[in-house]
Amino acid sequence: MNKIKEIFGGDTRQFGMIFALVFLIVLFQILTDGLTLDPGNVINIFQGNSYILVMAIGMVLVIIAGHIDLSVGSVAAFAGIVVAIAMRDWGIPWWLGILLGLGIGALVGAWQGFWVAQVGIPAFIVTLAGMLIFRGANQYVGKSNTVPVGEEFQTIGAGYLPEVGPKTGYNNLTVLIGILVCAAIIVGTLRNRRNQKKIGAELEDGTVMWIRLALISVAILAVALLMASGRPGTSLPISALILGALVLLYGFISTRTIIGRHVYAVGGNRHAAELSGVRSKRVNFLVMMNMSVLASLAGMMFVARSNASGPFDGVGWELDAIAAVFIGGAAVTGGVGTVVGAVIGGLVMAVLNNGLQLLGVGADMTQIIKGLVLLTAVAFDVYNKSQGRRSITGLLMQNFGGRATKETGETVKQES
């Protein structure tokens, strides 16, 4: 029993969201007679929710810095309609359309970041105004019409990895990526353990480490094999591949770079951070700008999957992204949160949505259940921290080179 507790961080409740995700999958697998883990449904979950998870990656940094962004849905819709019109009317290639969309996001983010960082207007007000401005801009530019996009552009939202190599009954590239991810996690863990040994740090039990690595590897390979065994022509979605790359990138930025540590410092205590030499205005500007860039990318991914941009794109997306972040363990007051946690929170909501749809639950009850899940998840994490236990976020952070404090779960790093 002690070994089991060590594997899950000493208290199984500390990984509540991961357990909740597993519980929902098992529950819906039983209630839907096996439809939840059908390869096609697993692919659909990732493909249909990748754009929300992409926005959650940006939103978690905004919330860690102590802000909130209500404009992401409108910004995503605005970027999507502009790119769709540019490709249709101006004849620009798909790759230039993607760059155009990212550029629009950067400009919008710079605009909102200026008001937040330089003028000092609360992000809640700035982005509430942005939500209205860019929702109106979306309808003005598109004249409330639906604008289709070309097949090449659709790849980023509706495409799959191609079939290569011998016929094995699986998509070989998807299986290969699953194996490589497992290998990278194992190598990274062993390297971290070796570095800890060099500095004389206390090492966790080797058996516990290998059991944890085995469980993670089995989970990753199971998902990879499910996606690889779907109907012919399907495999790992390109949108999920984009999401995975962003998780790795922003996980590294938030935990292994100076700007990442500064974001946590500003969110934890802005005045103390400034006294330590952190330029809080620059941090606030960058997190707001980054959020709009990712929102634009999410908007393009949605348009690509829908095959067209419409006037009602982006409605309510900000709420889904914010819910994913808080379910993933971020603190309302800032300073706490992880990219991995936000993605886990988003997957909890995605599986919940999908399972309820498979069971034929109406939209009214779905909204009620989602609201209760959000409230329960945040209350659960608050309770853990009030009892002196490390939060879910703190435990997720412990494998990224930091040390988590017992009281808050916040990762603390020594400046080099």
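Description of the structure in this document. Since the model is a prediction, treat every value here as computed from it, not as a measurement.

One full turn of an α-helix is made of 3.6 residues, so residues set three or four places apart face in the same direction. Where burial is concerned, most of helix α14 (residues 317–327) is hidden: nine out of the eleven residues are buried. Positive phi appears at G329, one or two residues downstream of α14, with a value of about 105°.

This part takes up unusual backbone geometry. One non-glycine residue with positive phi stands out, namely D33, at about 60°. Relative to the helices and strands, D33 is located in the loop between α2 (16–31) and α3 (39–64). For D33, a relative accessible area of 72% corresponds to the exposed category. Even without being glycine, N307 reaches a positive phi, approximately 70°. Mapping N307 onto the fold places it in the loop between α13 (280–306) and β2 (308–309).

Once that is clear, we can look at the pattern of salt bridges. Taken as a whole, this structure holds three salt bridges when the rule is applied. In this structure, R88 engages D89 in a salt bridge whose closest nitrogen and oxygen atoms are separated by 2.7 Å.

Turning next to the packing of aromatic side chains. Given two aromatic rings, their pairing is described by the distance between the two centres and the angle made by the two planes. Enumeration over the complete set of coordinates arrives at six aromatic pairs. Between Y51 and W317, the ring centres sit 4.6 Å apart and the planes meet at 50°, which makes this aromatic pair tilted. Of this pair, Y51 sits in helix α3 while W317 sits in helix α14, placing them 266 residues apart in sequence. This pair shows no difference in class: Y51 is buried, exactly as W317 is.

With that settled, consider the layout of surface pockets. Taken as a whole, the second largest pocket spans an internal volume of roughly 450 Å³. In this structure, the second largest pocket is lined by 22 residues; those nearest its centre are N49, Y51, D320, N353 and Q357. Every element with two or more residues in the lining of the second largest pocket is listed here: α3, α14, α15 (339–358) and α16 (363–386).

Membership of the largest hydrophobic core comes to 93 residues, with the highest contact counts inside it found for M55, I57 and F153. Among the elements that line this core, the one with the most residues is α3, at 16 residues. Leaving out residues up to four positions away in the same chain, I57 has contacts with L243, L246, V247, Y250, L294, V339 and V343.

Turning to a nonpolar patch on the surface, a few remarks are in order. On the surface, a cluster of nonpolar side chains totalling about 350 Å² of accessible area is made up of F23, L27, L31 and L359. Positionally, L31 belongs in helix α2. Here L31 falls in the partly exposed class, since its relative accessible area comes to 46%.

Conventions used here
Residue indices begin from 1 for each chain and proceed along its sequence in written order. Thresholds applied to this predicted model are a pLDDT of at least 70 for local features of residues and 80 or more for the giving and counting of side-chain atom pairs; totals over whole chains, interfaces and linings are not thresholded and use all residues. Excluded from the side-chain calculations are hydrogens and water; all other atoms, namely the structure's heavy atoms, are used. Relative accessible area decides the class of each residue, using a 1.4 Å probe on protein chains only: under 20% of the type maximum gives buried, over 50% gives exposed, and in between gives partly exposed. Under the DSSP-based scheme used, a helix requires at least four consecutive residues in state H or I and a strand at least two consecutive residues in state E, with every element numbered from the N terminus. Between Lys or Arg on one side and Asp or Glu on the other, a salt bridge is scored when a side-chain nitrogen of the former is within 4 Å of a carboxyl oxygen of the latter. Aromatic pairs are defined between Phe, Tyr and Trp rings, using the six-membered ring for Trp, whenever the two ring centres lie within 6.5 Å; interplanar angles under 30 degrees are classed as stacked, those over 60 as edge-to-face, and all others as tilted. A cavity here means a set of points on a 1 Å grid, drawn over the protein atoms and nothing else, where a 1.4 Å probe fits but cannot get out; a pocket is an open set with protein on both sides within 12 Å along at least five of seven lines, and a residue lines either one if it has an atom within 4 Å of a point. Grid points are joined across faces, edges and corners, and a volume is the space filled by probe spheres set on the points. Residues grouped as a nonpolar core are buried Ala, Val, Leu, Ile, Met, Phe, Trp, Tyr and Cys residues, joined through side-chain atoms within 4.5 Å. Contacts between residues were defined by any pair of non-hydrogen atoms, one from each residue, lying within 4.5 Å. Within this analysis, patches are made of residues with over 30% relative accessible area and no salt bridge. Like charges are joined at 9 Å or less; nonpolar side chains (Val, Leu, Ile, Met, Phe, Trp, Tyr) at 5 Å or less. Accessible areas in this description were obtained via Shrake-Rupley with a 1.4 Å probe; residue shielding takes into account the shown protein chains only.

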